[in-house]
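# Observations on the model geometry
Okay, here's what each chain looks like letter by letter:
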Amino acid sequence: QLIPEFRQVLQRPLVGRLIMLTFITFFGGIGVQAIFALWCEWRFGWGAQEFSCFLIFYCLTLAIIQLSLLGRLTRWVGEIKLLLWSTVMAALGLVLISFSTTVPQLLIALLLTIFAQALGNPVLASLLSQLAGAKQQGKTLGLMQSVIGLASFLGSIWAGFLFGTLGENWPYWTGS
């Protein structure tokens, strides 16, 4: 019964495309997050303390952006443009991470990816909710969460494989 319900959800205009964008975004984004500690150890010699500081920076920055800028930017530019901007910022940020040789360069690249995540993920959920219609919002957002879980799982495996076989920057290049 689950598969027919998902097909019904995907038949709504643009929902299937946004679900695919969700998969691609999380496949690349979570995949590189999965190997980020290894990458930082390789590139900068970071250990647990440095990586803990990064996690604090990441979480605080994400929260500040969502609490202070998300609503304003959504009203100012609209959800579709914000989603497009966040997609471009994510791709650019991931490429810049791979070329970062100093911590300040890394922080600039990370800010782009954090902005992309802080703005893009809520907008993506909002657009899916709006396109789903009142009767299918729960199913649609449930499908989105399932796709996020699958993409995160597969993306992490993919990034780890690329990191171990092709080199430390390949997960960032393919993720972008």
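Once that is clear, we can look at the side chain of Gln136. Position of Gln136 among the secondary structure elements: in the loop between helix H6 (103-132) and helix H7 (137-165). On the basis of relative accessibility, which here comes to 9%, the residue Gln136 falls in the buried class. Other than its neighbours up to four places away in sequence, Gln136 contacts Gln8, Val9 and Arg12.

There is a patch of nonpolar side chains on the surface, built from Trp76, Ile80, Leu84 and Trp85 and spanning about 530 Å² of accessible area. Looking at which element gives the most residues to the nonpolar patch, the answer is helix H5 (residues 79-99), with three residues. Considering the arrangement of structural elements, one finds Leu84 in helix H5. Residue Leu84 is classed as exposed on the basis of its relative accessible area, which comes to 53%.

Parameters and conventions
Residues numbered from 1 in each chain as written. Predicted model: local features only at pLDDT ≥ 70, side-chain atom pairs only at ≥ 80, totals over all residues. Heavy atoms only, no water. Helix = DSSP H or I, 4+ residues; strand = E, 2+ residues; numbered from the N terminus. Buried < 20%, exposed > 50% of the residue type's maximum accessible area, 1.4 Å probe, protein only. Contact = heavy atoms within 4.5 Å. Patch = residues over 30% accessible without salt bridge, like charges linked within 9 Å, V, L, I, M, F, W, Y side chains within 5 Å. Areas by Shrake-Rupley, 256 points an atom, 1.4 Å probe, with all protein chains shown as cover. Salt bridge = Lys/Arg side-chain N within 4 Å of Asp/Glu carboxyl O.

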